[in-house]
Amino acid sequence: MQIPQTNQGLNFGKYSNFEKDIDPKQRAWIEVSGKSIEKNVKQLRSKLSKSCLLMAVVKADGYGHDAKVVSEYALKGGASQLGVATLKEGIRLRSYGFKEPILVLGNLYTKRDLIISFKNDLMPTISSLRECLICNNIGKHFGSKFSLNLKVDTGMSRLGFESKKFVQQFEKIKSFENISIKGIYSHLSSADEPDSLDPKSSTQKQRQKFQELLKQIGVDNNHNIKTHLANSAGMLLNKDFHFDMVRVGLSIYGYSPLAKKDKTLLLKPALFLKVKVAFIRIIDKGVSVSYGGKFISNRKTKLAVLSIGYADGVPRNLSGKINVLHHKKLYPQVGSITMDQMMVDITGSNEIKIGSTMILLGSDGDKIITPLDWARESNTIPWEILCSFKNRLPRVQID
Ligand SMILES: *Cc1c(COP(=O)(O)O)cnc(C)c1O
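Reading the values: the criteria
Residues numbered from 1 in each chain as written. Predicted model: local features only at pLDDT ≥ 70, side-chain atom pairs only at ≥ 80, totals over all residues. Heavy atoms only, no water. UniProt positions renumbered as here; feature names shortened; annotations may be inferred. Phe/Tyr/Trp six-rings, centres within 6.5 Å; stacked < 30°, edge-to-face > 60°. Helix = DSSP H or I, 4+ residues; strand = E, 2+ residues; numbered from the N terminus. Buried < 20%, exposed > 50% of the residue type's maximum accessible area, 1.4 Å probe, protein only. Lys NZ or Arg CZ within 6 Å of the ring centre and 35° of its normal. Domains from an automatic or database assignment. Contact = heavy atoms within 4.5 Å. Buried area = accessible area lost by both parts, 1.4 Å probe. Salt bridge = Lys/Arg side-chain N within 4 Å of Asp/Glu carboxyl O. Polar contact = N/O pair within 3.5 Å; in protein donor to acceptor, adjacent residues only side chain to side chain. Axes fitted to C-alpha atoms, helices over the stretch in contact; angles between N-to-C directions. Parallel < 35°, antiparallel > 145°, perpendicular 65-115°, else oblique. Left-handed = near helix turned anticlockwise from the far one by under 90°. Nonpolar A, V, L, I, M, F, W, Y, C, P; charged D, E, K, R; others polar. Patch = residues over 30% accessible without salt bridge, like charges linked within 9 Å, V, L, I, M, F, W, Y side chains within 5 Å. Areas by Shrake-Rupley, 256 points an atom, 1.4 Å probe, with all protein chains shown as cover. Lys, Arg positive; Asp, Glu negative; His and termini not counted. Charge placed at Lys NZ, Arg CZ, Asp CG, Glu CD. Near = heavy atom within 4 Å.

- Per an unreviewed UniProt entry, the protein chain carries the name Alanine racemase and comes from Prochlorococcus marinus str. GP2.
- Its UniProt record gives the protein chain the following Pathway (unreviewed entry) comment, quoted word for word: "Amino-acid biosynthesis; D-alanine biosynthesis; D-alanine from L-alanine: step 1/1."
- Turning to the protein chain, the UniProt annotation filed under Catalytic activity (unreviewed entry) states: "L-alanine = D-alanine".

Here's what the structure looks like:
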């Protein structure tokens with residue numbers, strides 16, 4: 001038999017050109033629906049008063065969805081501002097041409113970083129007089145005003161001015177001529193806890209403290225300074241948390257963090273995690289599967305080998321705890337999830353072939369698997385699931 005030459009009849013030229021020949025759907029990939037993001041933002045907007053703004057939080061590459069696609073569609077849906085965690089994330093968005101206000105939620109504390117932030121028209125989050133002074137000096141140096149947001153700590157104990165000293169420090173900040181305070185905000189620590197509507201809950205206490213501070217500094221009715229407190233959970237609790245703007249992440253991606261779901265809010269997951277079946281094998285009864293032999297077949301079993309593993313961001317501690325969808329049917333994943341592959345029990349299916357596509361996250365007909373399901377099984381939160389997906393998974397926009 002003649003062995004075919006792999007390069008027969010092909011002229012690929014340099015090896016470095018090979019990569020673009022690969023189909024992004026060749027192995028495992030993430031599909032992102034921009035339209036779902038747009039609809040989710042519209043849905044969320046409909047719960048806000050007309051004057052209340054919505055900031056789309058697109059940090060961590062848009063919670064793993066692709067910050068460029070998310071920003072574009074969130075703005076189409078009615079978002080007015082974008083929120084990022086890092087300087088680099090903000091600069092990226094500017095390089096794509098987004099002109100809307102961008103708030104850097106993480107802390108910039110060196111003069112160098114603050115200058116870069118100023119030059120790229122990114123608003124830093126300011127947590128101290130020291131940072132405020134640096135910004136004022138930068139504004140003065142460039143003969144202009146540095147736009148920024150002040151943050152006050154009301155119970156998260158992360159960033160922000162100490163609430164006890166804030167009123168006094170604000171008096172001083174008001175006299176700085178080369179800064180422009182565009183917003184004052186705080187962050188909720190426990191809004192997704194079931195007791196959040198209880199008047200004695202820490203969430204209500206944070207809201208009261210924030211409101212009190214705004215009153216004391218006299219900006220509770222100043223519409224040039226946007227006041228904001230709510231993340232997705234806070235926003236969905238009730239209108240008392242909305243102030244002038246809400247900063248929403250998880251909900252624009254299609255998931256509510258509250259245990260009690262609002263039935264009038266139709267959020268749609270924007271992310272699908274899909275994978276190809278790379279191999280199929282049939283094993284006898286009593287045969288072990290994957291590392292450590294944790295799964296042993298109790299009957300003759302048909303296995304599909306999927307090209308995705310923990311190096312792609314599927315948590316290994318989900319081994320044996322998840323299902324995978326194919327044509328509206330669920331199939332159990334079996335054995336340890338390996339770095340690059342995992343096995344699924346597809347006994348009884350004649351439809352699934354080598355090269356078939358299976359869905360790890362997303363919906364098919366009335367069946368749906370979400371990051372909330374995975375989070376419950378792996379003892380974490382949906383936010384962590386979404387931002388664990390690695391660059392090895394191509395992001396494919398589907399509309
Ligand atoms: C990430 C983040 C948000 C968004 O939170 P979600 O729960 O995803 O809506 C809002 N505000 C700040 C300061 C954040 O860091």
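Some points on the packing of aromatic side chains
Then, in step 1: A full pass over the atoms with the stated rule returns 7 aromatic pairs.
Then, in step 2: Ring geometry for F210 versus F243: centroids 5.0 Å apart, planes at 70°, classification edge-to-face. With a gap of 33 residues between them, F210 in helix 8 (residues 202-216) and F243 in the loop between helix 9 (232-237) and strand 10 (245-248) connect regions that are remote in the sequence.
Then, in step 3: Relative accessible area serves as the criterion here: at 0%, F210 is assigned to the buried category.
Then, in step 4: Here the basic side chain of R207 rests over the ring of F241, its NZ or CZ set 5.7 Å away from the ring centre.

Section: unusual backbone geometry
Then, in step 1: Here D66, not a glycine, exhibits a phi torsion of approximately 105°, which is positive.
Then, in step 2: The residue D66 is located in the loop between helix 2 (59-63) and helix 3 (67-76) in this model.
Then, in step 3: Judged by its relative accessible area of 22%, D66 is partly exposed.
Then, in step 4: Phi angles above zero are rare outside glycine, and S290 is one such case at about 70°.
Then, in step 5: For S290, the location among the structural elements is in the loop between strand 12 (288-289) and strand 13 (295-296).
Then, in step 6: Relative accessible area serves as the criterion here: at 21%, S290 is assigned to the partly exposed category.

With respect to the domain arrangement of the protein chain
Then, in step 1: In terms of domain boundaries, the protein chain breaks down into domain 1 (34-253) and domain 2 (271-397).
Then, in step 2: In this structure, domain 1 and domain 2 have C-alpha centres spaced 38 Å apart.
Then, in step 3: Opposite the 9 residues of domain 1 that make contact, domain 2 presents 7 residues.
Then, in step 4: In this assembly, domain 1 packs against domain 2 so that about 870 Å² is buried in total across both faces, 65% of it on carbon and sulfur atoms.
Then, in step 5: Taken together, the links from domain 1 to domain 2 amount to 0 salt bridges.
Then, in step 6: The tally of links between domain 1 and domain 2 comes to 2 residue pairs in polar contact (both at pLDDT 80 or more).
Then, in step 7: Taken together, the elements giving at least two residues each to the side of domain 1 that touches domain 2 come down to helix 2 and helix 3.

A word on the packing of helix 1 (residues 34-45) against helix 3
Then, in step 1: Running from amino to carboxyl end, helix 1 crosses helix 3 at an angle of 40°, the nearest separation of the two axes being 7 Å. By the angle class used here, helix 1 and helix 3 are oblique. Crossing handedness for the pair helix 1 and helix 3: right-handed. Here G34, K35, I37, E38, V41 and K42 of helix 1 lie close against helix 3, whose contacting residues are V69, V70, Y73, A74 and K76.
Then, in step 2: Per-class residue counts for the contact of helix 1 with helix 3 are 6 nonpolar, 1 polar and 4 charged.

What about the UniProt feature "binding site: substrate" (unreviewed entry) in the protein chain?
Then, in step 1: Taken from the UniProt record, the annotation "binding site: substrate" (unreviewed entry) applies to R158 and M339. What stands out for the annotated residues spanning 182 residues is how far apart their C-alpha atoms range, the widest pair being 34.4 Å apart.
Then, in step 2: The topology assignment puts R158 in the loop between strand 6 (146-153) and strand 7 (161-162).
Then, in step 3: Beyond its immediate chain neighbours, meaning those up to four positions away, R158 contacts K151, D153 and H187.
Then, in step 4: If you trace the backbone, M339 turns up in the loop between strand 16 (329-334) and strand 17 (342-345).
Then, in step 5: M339 gets classed as partly exposed once you look at its relative accessible area, which sits at 42%.
Then, in step 6: If sequence neighbours within four positions are ignored, M339 has contacts with G309, Y310, A311, D312 and R392.

Side note on a negative patch on the surface
Then, in step 1: Together, D192, E193, D195 and D198 make up a negatively charged patch on the protein surface.
Then, in step 2: Relative to the elements of secondary structure, E193 occurs in the loop between strand 8 (179-185) and helix 8.
Then, in step 3: Judged by relative accessible area, E193 falls into the partly exposed class, the value being 44%.

Observations regarding the site of the ligand
Then, in step 1: K59, Y63, S232, R247 and G249 are the nearest of the 13 residues found near the ligand.
Then, in step 2: In this structure, R247 approaches the ligand through a side-chain N or O atom, which is 2.8 Å from a nitrogen atom.
Then, in step 3: Between the ligand and G249, the relevant distance is 2.8 Å, taken from an oxygen atom to a main-chain nitrogen or oxygen of the residue.
Then, in step 4: Protein coverage of the free-state accessible area of the ligand, which is 390 Å², stands at 93%.
Then, in step 5: Elements supplying a minimum of two residues to the shell around the ligand: helix 2 and strand 10.
Then, in step 6: Split by residue class, the shell around the ligand holds 6 nonpolar, 4 polar and 3 charged.

Side note on the environment of L266
Then, in step 1: Within the element layout of this structure, L266 appears in the loop between strand 10 and strand 11 (271-283).
Then, in step 2: Residue L266 is classed as exposed on the basis of its relative accessible area of 60%.
Then, in step 3: Spatially, the C-alpha atom of L266 lies 33 Å from that of A311, the residues being 45 residues apart in sequence.
Then, in step 4: Residues contacting L266, with those up to four places away along its chain left out, are N40 and Q43.

Topic: the pattern of salt bridges
Then, in step 1: One pass over the structure, following the stated rule, counts 15 salt bridges.
Then, in step 2: Here R94 ties to D121 by a salt bridge, and the two come within 3.9 Å at their closest N and O atoms. Here the residue R94 occupies a position in helix 4 (residues 87-95), and D121 occupies one in the loop between helix 5 (111-119) and strand 5 (122-126), the gap between them amounting to 27 residues.
Then, in step 3: Taking relative accessible area as the criterion, R94 reaches 17% and is therefore assigned buried.
Then, in step 4: Linking R376 and D373 is a salt bridge whose minimum nitrogen-to-oxygen distance equals 3.0 Å. Remark: D373 and R376 occur in helix 10 (residues 371-377); sequence separation between them is 3 residues, near one turn of the helix.
Then, in step 5: Look at R376 and you get exposed, because its relative accessible area is 59%.
Then, in step 6: One network of salt bridges, with partners in common, ties together R27, D312, D340 and R392.

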